[in-house]
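As a plain string of letters, each chain reads:
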Amino acid sequence: MAKRIDVKDLNIYYGKFHAVDGVTLSVPPRSVTAFIGPSGCGKSTVLRSLNRMHEVIPGARVEGDVLLDGQNIYASAVDPVQVRRTIGMVFQRPNPFPTMSIRDNVVAGLKLAGVRNKSQLDEVAERALRGANLWNEVKDRLNRPGGGLSGGQQQRLCIARAIAVRPDVLLMDEPCSALDPISTLAIEDLITELKKDYTIVIVTHNMQQAARVSDQTAFFNLAGVGQPGRLVEIDDTEKIFSNPTQKATEDYISGRFG
Amino acid sequence: MTTATLDVNQPATPPAFQHLSTGRRVKNGIATALVWLAFLVAVIPLVWVLVSVLARGAHMVANADWWQQSLGGLLGDDVGGGVYHAIYGSLVQSLMCAVIAVPIGLLVAIYLVEYGRGRLAKATTFMVDILSGVPSIVAALFIYAMWITTLGFNRSGFAVSLALVLLMLPVVVRSSEDMLRLVPDELREASYALGIPKWKTIVKIVIPTALSGILTGIMLALARVMGETAPVLVLVGYSGYINYDLFSGEMASLPLLMNSERVSNPSPIGTDRIWGAALTLVIIIALFNLAATLLSRLVAPKKK
Ligand SMILES: Nc1ncnc2c1ncn2[C@@H]1O[C@H](COP(=O)(O)OP(=O)(O)OP(=O)(O)O)[C@@H](O)[C@H]1O
Ligand SMILES: [Mg+2]
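In this text, all values refer to a predicted model and were calculated from it rather than measured experimentally. (Residues numbered from 1 in each chain as written. Chains lettered and ligands numbered in written order. Predicted model: local features only at pLDDT ≥ 70, side-chain atom pairs only at ≥ 80, totals over all residues. Heavy atoms only, no water.)

Caption draft 1: Structural detail: the domain arrangement of chain B. All names here are of chain B. When cut into domains, chain B gives domain 1 (25-62) and domain 2 (67-299). Taking only C-alpha atoms into account, the centre of domain 1 sits 28 Å from that of domain 2. Every contact between the two is made by 10 residues of domain 1 and, on the other side, 10 residues of domain 2. A combined buried area of about 810 Å² lies between domain 1 and domain 2, and 81% of that area is made up of carbon and sulfur atoms. When the area that domain 1 buries against domain 2 is broken down by residue, the three leading residues are Val-53, Met-60 and Val-61, summing to 60%. Viewed at the interface, domain 2 and domain 1 are joined by zero salt bridges. (Domains from an automatic or database assignment. Contact = heavy atoms within 4.5 Å. Buried area = accessible area lost by both parts, 1.4 Å probe. Salt bridge = Lys/Arg side-chain N within 4 Å of Asp/Glu carboxyl O.)

Caption draft 2: Molecular detail of the site of ligand 1. Residue and element names in this part refer to chain A. Ligand 1 sits among 13 residues. The nearest are Ser-39, Lys-43, Ser-44, Thr-45 and His-205. With respect to ligand 1, the backbone of Gly-40 contributes an N or O atom lying 2.8 Å from an oxygen atom. The contact in question runs from an oxygen atom of ligand 1 to an N or O atom on the side chain of Ser-44, over 2.6 Å. For the shell around ligand 1, the elements supplying multiple residues, two or more each, are strand 2 (17-27) and helix 1 (43-49). Top contributing element to the shell around ligand 1 by residue count: helix 1, with three residues. Each residue belonging to the shell around ligand 1 can be placed in one class, and the counts come to five nonpolar, six polar and two charged. (Near = heavy atom within 4 Å. Polar contact = N/O pair within 3.5 Å; in protein donor to acceptor, adjacent residues only side chain to side chain. Helix = DSSP H or I, 4+ residues; strand = E, 2+ residues; numbered from the N terminus. Nonpolar A, V, L, I, M, F, W, Y, C, P; charged D, E, K, R; others polar.)

Caption draft 3: Representation of the pattern of salt bridges. All told, the structure shown has 23 salt bridges over all chains when counted by the stated rule. One salt bridge connects Arg93(A) with Glu186(B), and the closest N-O pair in it is separated by 3.1 Å. Here Arg93(A) is found in the loop between strand 6 (87-90) and helix 3 (102-106), whereas its partner Glu186(B) is found in helix 8 (residues 185-193) on a different chain. Judged by relative accessible area, Glu186(B) falls into the partly exposed class, the value being 31%. Two residues, Asp185(B) and Arg188(B), come together in a salt bridge whose shortest N-O distance is 2.9 Å. Of this pair, Asp185(B) and Arg188(B) are both found in helix 8, three residues apart, which corresponds to roughly one turn of the helix. For Arg188(B), a relative accessible area of 7% puts it in the buried group. (Buried < 20%, exposed > 50% of the residue type's maximum accessible area, 1.4 Å probe, protein only.)

Caption draft 4: Representation of the UniProt feature "transmembrane region" (unreviewed entry) in chain B in the model. All names here are of chain B. Annotation from UniProt places "transmembrane region" (unreviewed entry) at residues 34-55, 91-113, 125-147, 153-173, 205-226 and 274-295. The distance from the first to the last C-alpha atom of residues 125-147 is 26 Å, and the span holds 87% helix and 0% strand. Its end C-alpha atoms 32 Å apart, residues 205-226 is made of 100% helix and 0% strand. (UniProt positions renumbered as here; feature names shortened; annotations may be inferred.)

Caption draft 5: Examining helix 8 of chain B more closely. Across the nine residues of helix 8 of chain B, seven count as buried, placing the element largely inside the fold. Positive phi shows up at Gly195(B), right after helix 8 of chain B, with a value of about 80 degrees.

Caption draft 6: Region of the structure containing a nonpolar patch on the surface. All names here are of chain B. Together, Val-26, Ile-30, Leu-34, Leu-37 and Val-41 make up an exposed nonpolar region whose accessible area comes to about 480 Å². Here Val-41 is to be found in helix 2 (residues 22-61). Using a relative accessible area of 57% as the deciding quantity, one classes Val-41 as exposed. (Patch = residues over 30% accessible without salt bridge, like charges linked within 9 Å, V, L, I, M, F, W, Y side chains within 5 Å. Areas by Shrake-Rupley, 256 points an atom, 1.4 Å probe, with all protein chains shown as cover.)

Caption draft 7: View of the sheet that holds strand 7 (residues 169-173) of chain A. All names here are of chain A. Across the sheet, which stays open at both edges, the 10 strands sit in the order 5-4-1-2-10-9-3-8-7-6 with mixed pairing between neighbours. Each edge of the sheet is formed by a strand with only one pairing partner; in this case those strands are strand 5 (71-72) and strand 6. Note that strand 7 and strand 8 (residues 199-203) share five bridges and pair parallel. Opposite Leu-171, over in strand 8, you have Val-201 as the bridge partner. Helix 8 (residues 181-194) rests against strand 3 (32-36), strand 7 and strand 8 of the sheet, and its axis sits at about 150 degrees to strand 8. (Pairing = 2+ DSSP bridges. Axes fitted to C-alpha atoms, helices over the stretch in contact; angles between N-to-C directions.)

Caption draft 8: A look at the confidence of the model for chain B. All names here are of chain B. Residues of chain B with pLDDT of at least 70 account for 95%, and the chain-wide mean is 91. Confidence, read as mean pLDDT per element, is least for helix 1 (residues 2-9) in chain B (55) and greatest for helix 7 (residues 157-182) (96). Both scores are available for the predicted complex, with the pTM at 0.86 and the ipTM at 0.91. (pLDDT = per-residue confidence, 0-100.)

Given below as structure tokens:
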């Protein structure tokens, strides 16, 4: 049940620091949207405010609306825990739970939500691991600690963990930045695969990756140090990479950016 | 011909790496000597204590009766008897202390790391710092004033446990706090991102990850309070008989037994008992430390 996201005039703050200014964008269901832009322009910050992870940081707050299929996730009656269950997240650095086995890592979300049925959990673990292209590599050592896997395997384990709770949207913050080209390709294939069922937003510094996996691309920039980041433009990926409307976008993509 | 060979052997530029200068070699020598000296100064008394306790206490401890009998009914110069009444007292008093101090200390640590912001957290940290500087005799007299003088209870093993709580609490808070802070925020965020509420994240992710270190800290704190002497001197009377009741009556413990023999038993047998009890205390504390190591290894996150 992929859902659409509409962001309306979103301002994001870290305490007094205005990090992101007035972002408005839409993400259609069953599509991949890539966020690109120079370091520090607020890509991760915007991404984290799409599932209310931003407010976990002390003093951090958000102004504006984020609508998930029309419902504002920042409405006062909404429980951030439920928002995060609906909108999953994969982080830049793989972070499996060190005390848990591979299998328990994958089903952690369900298990901690109270699902006890062992065969159901096993089934979910297998489905999620297959979905993350990891099943064949780990099926013989499901009870070993997750920390014993390679970096790329750990990242796919984290993806499996995120999709095991069947979210509607998957947010990925530079999921391949720590990976070798082969694992990167595996994850890109996976993203294309996951697109059938999920709405995906991915932050990446890799232009080719954005061009390969995404349907639309959003370019963020910041006017200067200490200034808030802004969304410069968002459009179909093909258009952004071949014929962007903004000069800044073209400069950044062609590498003429400082 | 000769000159040519010479030329080949002569480097064109002086080598980049020179020999250690004399000045640095002397400084190095002095520093090394000082470090060794400091090491010896630290280790000699330790070894000395251990050797004398072993030499003078071993023959007492090597007797099975020592672990199975009390000193009930024995006179000061009677050979035989044992200290199991004092071992029981020491263990029960410190376990009762742990039962009270560990949950409170752990909850305070969780509050400080996971929830504490602003004034209240600062005040709590400040109080814990102060508490950790309180001498054991002050803790003992405070409990005497509160529990016995003001509230009207009798002196008992439980009063000792209460005083030990004051000494153990800051140690548990500090060590648990350190261990919880070592858990990377990424794990908390990974858990939140799965839609797991904060309290469940703490209970199921953060604490298990830090458990090994927390347990080590608790066991070491326990070993520490077990040898405390001031509280037992002030808060409970000595008896050579076993007393199973923590809440009333006189109750022996190893430090108390040693003190009582020293004060009231000038015979050589008394001296033997003191050394035996000292060695017993050392053994029990060593066992606690060993258990701490094993336990923490058992629950530590594994790689393979
Ligand atoms: N926890 C934080 N507290 C305060 N300021 C922060 C915090 N995290 C990020 N910022 C600031 O917010 C701005 C945007 O940061 P953000 O991490 O979103 O950038 P980014 O676009 O993801 O960069 P990168 O490509 O390097 O990951 C930066 O100026 C950064 O210094
Ligand atoms: Mg980032």
